[in-house]
Amino acid sequence: MNAGVEAAMHALSQADGVGEDIRQTVNVDIACVGFGPAMGGFLTTLVNAWNENPADPAFESSVAPGLPLQVLCYERADDLAAAVSGVVTRARGIRASFPDLKPEDIPMSAPVRQERIFYLLDPIGASRRTFGLRAADAALRSFGRIAGVKDHAFELPWTPGFLHKSGGLLLSLGQFNQWVASQIMASGLVQIWPGTPVSDPLIADCAVTGIRLADQGVDKRGTPSENYMPGMDVQARLTVVGDGPVGAIGQRIDSALGMPKGHAHREWALGMKFVIELPESAEHPLEPGTVWHTLGFPEPEIFGFLYAHPDRLVSVGIFVPSWMHDPARTSYRYLQHFIQHPLVWRHIKEGTLRSWGAKSLEESGRQGEPWICGNGFARIGEGSGSTNVLTNSGVDEAWTTGVQLGESVIEILRSGKPFTEGNLAETYGARRRASWVERGAQEAEHARGGFQHGFTRGMIGMALAGLSRGRIALHGELPAPWMQLRGTPGKKEILTRRMAAQVAMEDGRPIHDALLTARGWPEIPFDGRLLVTHQDALLMGGKVQATPGFADHVLFRDPRLCAACEDKTCVAMCSGQAITLGADGLPVFEREKCIHCGACLWNCSQPVDGEHTNIEFRAGSGGLHSAEN
Ligand SMILES: Cc1cc2nc3c(=O)[nH]c(=O)nc-3n(C[C@H](O)[C@H](O)[C@H](O)COP(=O)(O)OP(=O)(O)OC[C@H]3O[C@@H](n4cnc5c(N)ncnc54)[C@H](O)[C@@H]3O)c2cc1C
Ligand code: SF4
Ligand code: SF4
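Given the structure is predicted, the values throughout are model-derived calculations rather than measurements.

**Description of the overall build of the protein chain**
Argument step 1. Per the secondary structure count, the protein chain includes 20 helices and 27 strands.
Argument step 2. For 629 residues, the compact-globule formula gives about 25 Å, and the C-alpha radius of gyration of the protein chain, at 24 Å, lands near that figure.
Argument step 3. The principal-axis extent of the C-alpha atoms belonging to the protein chain is close to 75 × 55 × 50 Å.
Argument step 4. The contacts in the protein chain between residues at least 6 apart in sequence include a share of 75% that link residues at least 24 apart.

Next comes the structure, spelled out in structure tokens:
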């Protein structure tokens, strides 16, 4: 452990009856928030350069002269493999960092061998399809043989170039993060602290001067109890923020400094997935490296994926987007319908559920790009707008922005200059703007224009943007997520919702689950092996945990808005069933069940201003534990 940090941690642990007045401070050179692929790219770049020449004077600490650079990274989750994402990636940036990388070195990884895209017809007749889409489906079914429709699925004759991941890798993000972290920590230059949420950026005169760790020994409201331990202040020359799609530190910096003109975080999706183990005797085995992308089912707007890993493990998942014009967002139930689609089911039906997870994706891309650097700080990864919705990729983009910052930091250190906005913009900003990440972001910038007019026009817009490399697109702004949750239901829908409310009252199930049943979706034939209840999935292997002594990280800003809110979408869409309805009719949050997917942040139907909903999502500890996700 670095000397300065050790001293501070020791003092902290010795303190008895500590109070605000003895909040400890430690000085480091670089403080990092979050450990995902973006931070992996940043720290790997620093470590590789240091390993090449540990005597390089650029790597001498300014805060602890004579010692190497003091670099600390704090991760909220209880272990470094808690990520959620089945990943197919071109891995351009990742391979450049590890030229000798062999897929077999990373558990669950494989080279991409087969890529296919399917349009899924609705075999049940329950999805919300427009008249036009139903007509197109009918035509496909009529010309089924000629069109090549099989298992209620139409395979696109080719994978458009912009979606191709040939030469790429299939990964489990949890396993990949763990593999990367072990190499970084082996160097001795960097410490990574899991289970340590960062609660705030320290901001003075529009500069970020470090971070504050979350207080411990507090009640759910944050009020100190007898074991109170105020979170340490980590003063840093540079703060690197890689806190992902719904990160609290990024949000706080956005609030303090504002967003660049015309930019806003508007688009998200909830990615939910199962990891399934197939038996050796599987009737229809899948070759490791198989990559399928789907659209059309369970709802037209819900995209799906199937990735086959080695050792008969398969990741299957869906993305429920914030632009879906419907309040029913029961991703878990939708995922169960997705895996039962005949195309998917015939391959996985004999399998056993090994793991499960959900996480938000920030899909605003360039339109949601915040200030990527400023005095004393830089933003990398998905929270900095790097995810590309056109190519369906975020991992390699996040990694590469981290690498770009790493190279820039080394350049600044070697020049002996400070980490000012100007110096970071000249190095990191310039590298990012000149790179393939930026070109991709420009091509994808208007790719979603069209979805505000429905699925078909949205798909046309995406295809145009992809095939013309962003030169042609259907422009237009997607409504804010909370607008998509509302709407004036027709007579039939009002009756259906009443029926659903009745069913929910009778058997106590969540209202949107009942709504799907009332809309004609068949009940799930639970088998206790692959099709298990949401509650069972949450309990599987005790994978959802929360360390005691931290404050709640999901807060309802204005209870009066909740009292007046008819939708209560926060309850129905919660991935962990951590938000329930209290006896007083107000939503109640249970930290112990929260999987930190972040979807409540953008699934509340009531805005408090033009930008934020009635839910505040802060930094918290705990969540899912699964290295396979
Ligand atoms: C189901 C699913 C499937 C996906 N499939 C693909 C795919 O096939 N290909 C692809 O390229 N991308 C895919 N993605 C997207 C990809 O996972 C993300 O783009 C990528 O993980 C972004 O990396 P990041 O490092 O920016 O953020 P993250 O991976 O989100 O990492 C950020 C880290 O910061 C931590 N953190 C947040 N706040 C704090 C705090 N206050 N204090 C401390 N730590 C904090 C978080 O716990 C997290 O570990 C998928 C995503 C999902 C959910
Ligand atoms: S948090 Fe939002 S969606 Fe939930 S009850 Fe309150 S206002 Fe309604
Ligand atoms: S309360 Fe937790 S599990 Fe539920 S939606 Fe919010 S972050 Fe996800």
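**Quick word on the pairing of strand β2 (residues 71-74)**
Argument step 1. Across the two faces of β2 the burial is the same, with V71 and C73 and L72 and Y74 all buried.
Argument step 2. As defined by bridge partners, strand β1 (residues 25-33) adjoins β2 across four bridges and the pair is classed as parallel. Considered in β2, the bridge of V33 is made with Y74.
Argument step 3. For the crossover that starts at β1, traverses helix α2 (residues 37-52) and ends in the parallel β2, the hand is right-handed.
Argument step 4. Where β2 and strand β9 (residues 190-193) come together, four bridges link them in parallel fashion. Pairing of L72 across the sheet is with Q191, part of β9.

**Thoughts on the site of ligand 2**
Argument step 1. Around ligand 2 sit 14 residues in total, of which C562, C565, C570, C604 and Q606 are the nearest.
Argument step 2. Of all elements in the fold, only α18 (559-564) and α19 (569-573) reach the threshold of two or more residues within the shell around ligand 2.
Argument step 3. Residue composition of the shell around ligand 2, grouped by class: eight nonpolar, four polar and two charged.

**Description of the site of ligand 3**
Argument step 1. Near ligand 3 you find 13 residues, and of these C574, G576, C594, C597 and C600 are the closest.
Argument step 2. Class assignment of the residues belonging to the shell around ligand 3 gives a composition of nine nonpolar, four polar and no charged.

**Some remarks on the pairing of strand β19 (residues 352-362)**
Argument step 1. Within β19, nine of the eleven residues are buried, which leaves it mostly tucked inside the rest of the structure.
Argument step 2. Across ten bridges, the pairing between strand β15 (residues 268-277) and β19 is antiparallel. Paired with V275 across the two strands is S355, which belongs to β19.

**Description of the environment of K165**
Argument step 1. Here K165 shows up in the loop between β7 (153-155) and β8 (169-172).
Argument step 2. K165 sits 77 residues away from V88 along the chain, and the two C-alpha atoms are 7.1 Å apart.
Argument step 3. With sequence-adjacent residues up to four places away left out, K165 is seen in contact with V88, T89, R90, V112, E115 and V291.

**Quick notes on the nonpolar core**
Argument step 1. Judged by nonpolar contacts, the single largest core of 155 residues is most densely connected at V240 and C600.
Argument step 2. Two domains each donate at least three residues to this core, and these are domain 1 (24-85 + 174-219 + 226-264 + 392-403) and domain 3 (485-624).
Argument step 3. Ignoring sequence-local partners within four residues, the contact set of C600 consists of V554, C570, C574, I579, I615 and F617.
Argument step 4. A444, A447, M462 and A465 belong to the second-largest nonpolar core, a separate cluster that totals ten residues.

**With respect to helix α6 (residues 173-186)**
The α-helix winds at 3.6 residues per turn, so residues separated by three or four positions along the chain end up facing the same way.
Argument step 1. Between its terminal C-alpha atoms α6 stretches 20 Å, which fits the 20 Å expected from 14 residues at 1.5 Å a residue.
Argument step 2. Turning to α6, its buried residues number three or more, namely L173, G174, Q175, F176, N177, W179, V180, A181 and I184.
Argument step 3. Against the buried residues of α6 lie α2, β3 (86-89), β8, β9 and α10 (395-415).

**Here we look at the sheet that holds β19**
Argument step 1. With mixed pairing, the eight strands of this open sheet are ordered in space as β6-β7-β5-β16-β17-β18-β15-β19. Edge strands, defined here as strands with exactly one partner in the open sheet, are β6 (149-150) and β19.
Argument step 2. Inspection of the sheet shows β6 paired to β7 by two bridges, in the antiparallel sense. Within β7, the position partnered with K150 by the bridge is A153.
Argument step 3. The strands that helix α8 (residues 331-339) touches are β15, β17 (303-308), β18 (313-321) and β19; relative to β18, the one it contacts most, it runs at about 130 degrees.

**Description of the domain arrangement of the protein chain**
Argument step 1. Domain boundaries in the protein chain define domain 1 (24-85 + 174-219 + 226-264 + 392-403), domain 2 (450-479) and domain 3 (485-624).
Argument step 2. One C-alpha centre belongs to domain 2, the other to domain 3, and the line joining them spans 31 Å.

**Focus: the packing of α10 against helix α11 (residues 421-433)**
Argument step 1. Two elements in contact, α10 and α11, have axes separated by 9 Å at closest approach and are oriented at 145 degrees. For the pair α10 and α11, the crossing hand works out as right-handed. Listed contacts from α11 to T401, Q404, L405, E407, S408, E411 and I412 of α10 are N423, L424, T427, Y428, R431 and R432.

**Description of α2**
Argument step 1. For α2, spanning 16 residues, the distance from its first C-alpha to its last is 22 Å, which sits close to the expected 22 Å at 1.5 Å a residue.
Argument step 2. Of all the 16 residues making up α2, 13 are buried; the element is thus mostly covered by neighbouring parts of the structure.

**Examining the environment of L80**
Argument step 1. Here L80 lies in the loop between β2 and β3.
Argument step 2. By C-beta crowding, L80 is classed as buried, having 25 other C-beta atoms within 10 Å.
Argument step 3. Taking the C-alpha atoms as reference points, L80 and C32, 48 residues apart in sequence, are found 14 Å from one another.
Argument step 4. Look past the residues within four positions of L80 in its chain and what remains in contact with it is F35, E75, N177, Q178, A181, I192 and P194.

**Topic: the sheet that holds β8**
Argument step 1. Spatially, β3-β8-β4 is the arrangement adopted by the three strands of the open sheet, whose pairing is antiparallel. Pairing within the sheet leaves two strands with one partner each, and these edge strands are β3 and β4 (110-111).
Argument step 2. As paired strands, β3 and β8 are joined by four bridges and run antiparallel to one another. Pairing of T89 across the sheet is with L169, part of β8.
Argument step 3. Across the sheet, α6 lies against β3 and β8, angled at about 85 degrees from β8, the strand it touches most.

The rules we used
Residues numbered from 1 in each chain as written. Chains lettered and ligands numbered in written order. Predicted model: local features only at pLDDT ≥ 70, side-chain atom pairs only at ≥ 80, totals over all residues. Helix = DSSP H or I, 4+ residues; strand = E, 2+ residues; numbered from the N terminus. Rg over C-alpha atoms; globule rule 2.2 N^0.38 Å. Contact = placed C-beta atoms within 7 Å. Buried ≥ 20, exposed ≤ 12 C-beta atoms within 10 Å, placed from the backbone. Pairing = 2+ DSSP bridges. Right-handed = clockwise from strand over helix to strand, strands pointing away. Near = placed C-beta within 6 Å. Nonpolar A, V, L, I, M, F, W, Y, C, P; charged D, E, K, R; others polar. Core = buried A, V, L, I, M, F, W, Y, C linked by C-beta atoms within 7 Å. Domains from an automatic or database assignment. Expected span 1.5 Å × (residues − 1). Axes fitted to C-alpha atoms, helices over the stretch in contact; angles between N-to-C directions. Left-handed = near helix turned anticlockwise from the far one by under 90°.

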